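Spelled out, the chains give:
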Amino acid sequence: MNELVMAFDSSQQALRTEMLLEDAAVEFELVPTPAEITAGCALCVAFGEDSLERVMTIVGEESIEIRGVFRKNGSAYDQTV
Amino acid sequence: MNRPDDKAVIYLDHAATSWPKPEAVLEAMTRSMQEEAANPGRGAHRMAVSAGRVLMRTRMSLGRLFGVSNPNDIAFMPNTTAALNQAIKGLLLPGDHVVATMIEHNSVRRPLEYMRRRHGVQVDYVQADESGTIDTAELSSLCRANTRLIVCNHSSNLLGSILPVADIAQIARSHGAYLLVDAAQSAGTMEIDVERLGIDLLAFPGHKGLLGPQGTGGLYIRPAIDLTPLMHGGTGSQSEEAEQPSVRPDRYEAGTPNTVGIAGLGAGVRHVLEEGAAVIGRREWELTQLLMEQLSSVDGLNLLGPKLGEPRTGIVSFTLDGMDAAEIAFRLDRHYGIAVRAGYHCTPLAHRTAGTTAGGAVRSSVGYDTTRAETEALTEAMREIARSV
Ligand SMILES: Cc1ncc(COP(=O)(O)O)c(C=O)c1O
């Protein structure tokens, strides 16, 4: 289950993340940004709870600018990072 | 006269733009146009995302070529000129001082002169000698407390001479100034590692040594530098905000990009990465040496720029006693099918330096696919033209 979504302010930041996660063989999905999340870009990267640490490490090391990481909570999204 | 290699034209104008492009560039552009040329970053449908990936892949290839670890620090621009304008006008404020050289292209000199006239920026130009080199000590001595920027070309588009960018970067650093390098004549034929050389801003064309189509180019911006964007407008991101976004590369890429061109540029850069910029540059240098040796035996012909045996990019410029450069270029084209450039090459200051302000100069420039037979054809043609003077 990909219960976390990472949002971005630029689609190029999202697509770079996509390529880096592919290279690192992290399981993820490219999904449209949920309406409940205010972010600049229409694409999000969704992944499972157990990948969070690796994703954050990669994003940090590669200086990706993110809007945040969100967890679905009923009809709302809570920001976790 | 027979033309070598069955090419319709002997193209020795690579310094203006490279031609022909590698087959892979044409294929990438056709594929992009046919399959994925939706508007990248606008909308999340699959084709728009594909188009976005084309931009990212090209950015990543450029990052690998220029030693840029974060590809989003590279913004696409329509050409070198746009990149230079973005860097110069986006950085300088009234009261700032700039040092440039006497052998800059008009795409550096004109923005600087505009900033001087309209925005109270002070500009000094360091003198270059006849062969196109500068005295770095003199450059250093022109720097002041308010020097914000040093701008220089990596290689002169008239003389082919190469400036010591790493040394100039150190001078910039020691004066607390940034270094902007115009890599119009070196990108794709010389090794450029922005980290190792200490370059803060790198303006480059996609359509010359990187073998992409016209309408492509880019600007590398060190992460710590925030430029005021020259263009404000849609980025497909943060659309609810009135301010131009701060996120890169969107900050510097307002408006629909040249997706098809950037697809071609990506293929060109990958061609360069496979061959190696230094390898291509070495081959071009060998051709220039051969050409210079041959041309020096033509009566009345004067070669410009660095001496035989010295480093230079693929440019060999010359004058002929008793004939204007424009007339020579015209005859080369009409009678011999050889394309070269004549005149002032957008760099009047360099002509003053080289002493060729009166009649201009003929500039021949080799590229990644130029053959010996082609340079020999130029020499033969020049021999005939010289006899007719
Ligand atoms: C040294 C130099 N700077 C800048 C330019 C301008 O490049 P572009 O035509 O890509 O704007 C050129 C090429 O014409 C050049 O040779």
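Residues numbered from 1 in each chain as written. Chains lettered and ligands numbered in written order. Predicted model: local features only at pLDDT ≥ 70, side-chain atom pairs only at ≥ 80, totals over all residues. Heavy atoms only, no water.

### Some points on the overall build of chain B
And then number 1: The secondary structure content of chain B amounts to 12 helices and 13 strands.
And then number 2: Taken over the C-alpha trace, chain B has a radius of gyration of 21 Å; the compact-globule value for 389 residues is 21 Å, and the two agree within 12%.
And then number 3: Projected onto the principal axes, the alpha-carbon positions of chain B cover approximately 70 × 55 × 35 Å.
And then number 4: Going through the 389 residues of chain B one by one, you find that 58% of them count as buried.
And then number 5: Residue pairs at least 24 apart in sequence account for 68% of intrachain contacts in chain B once pairs closer than 6 positions are excluded.
And then number 6: Surface exposure of chain B reaches about 15400 Å², of which carbon and sulfur atoms provide 49%. (Helix = DSSP H or I, 4+ residues; strand = E, 2+ residues; numbered from the N terminus. Rg over C-alpha atoms; globule rule 2.2 N^0.38 Å. Buried < 20%, exposed > 50% of the residue type's maximum accessible area, 1.4 Å probe, protein only. Contact = heavy atoms within 4.5 Å. Areas by Shrake-Rupley, 256 points an atom, 1.4 Å probe, with all protein chains shown as cover.)

### A word on helix H1 (residues 23-36) of chain B
And then number 1: Along its 14 residues, H1(B) runs 19 Å from first to last C-alpha, staying within 8% of the 20 Å computed at 1.5 Å per residue.
And then number 2: Where H1(B) is buried, its residues contact helix H2 (46-66) and helix H8 (259-275) of chain B. (Expected span 1.5 Å × (residues − 1).)

### With respect to the pairing of strand S4 (residues 68-73) of chain A
Residues in a regular strand project their side chains so that they alternate between the two faces of the sheet.
Residues and elements named next belong to chain A.
And then number 1: Here 4 bridges tie strand S1 (residues 4-7) to S4, and the two strands are oriented antiparallel to one another. Residue pairing for S4: Val5 is matched across the bridge by Phe70.
And then number 2: Examined bridge by bridge, S4 and strand S5 (residues 76-79) share 4 bridges and lie antiparallel to one another. Note on S5: the bridge partner recorded for Asn73 is Ala76. (Pairing = 2+ DSSP bridges.)

### Notes on the pattern of salt bridges
And then number 1: One pass over the full model with this rule turns up 21 salt bridges over all chains.
And then number 2: One salt bridge in this structure joins A:Glu62 and A:Arg16, with 2.8 Å as the shortest N-O distance. One end of the pair, A:Glu62, is in the loop between helix H2 (52-61) and S4; the other, A:Arg16, is in helix H1 (residues 11-23), and 46 residues separate them in sequence.
And then number 3: You can call A:Glu62 partly exposed: its relative accessible area is 27%.
And then number 4: Owing to a relative accessible area of 3%, A:Arg16 belongs among the buried residues under this scheme.
And then number 5: Across the pair B:Arg248 and B:Asp73 runs a salt bridge, and its minimum N-O distance is 3.1 Å. Residue B:Arg248 is located in the loop between strand S8 (217-221) and H8, and its partner B:Asp73 is located in the loop between H2 and strand S2 (74-77); the two are separated by 175 residues in the primary sequence. Of the two residues, B:Arg248 and B:Asp73, both sit in the buried class.
And then number 6: Here the residues in one salt-bridge network are B:Arg173, B:Glu195, B:Asp200 and B:Arg222, joined through shared partners. (Salt bridge = Lys/Arg side-chain N within 4 Å of Asp/Glu carboxyl O.)

### Let's talk about the UniProt feature "domain: Putative Se/S carrier protein-like" (unreviewed entry) in chain A
And then number 1: UniProt's entry tags residues 4-70 of chain A with the feature "domain: Putative Se/S carrier protein-like" (unreviewed entry), counted in the numbering of this structure.
And then number 2: Taken end to end, residues 4-70 of chain A comprises 34% helix and 24% strand; its first and last C-alpha atoms sit 6 Å apart. (UniProt positions renumbered as here; feature names shortened; annotations may be inferred.)

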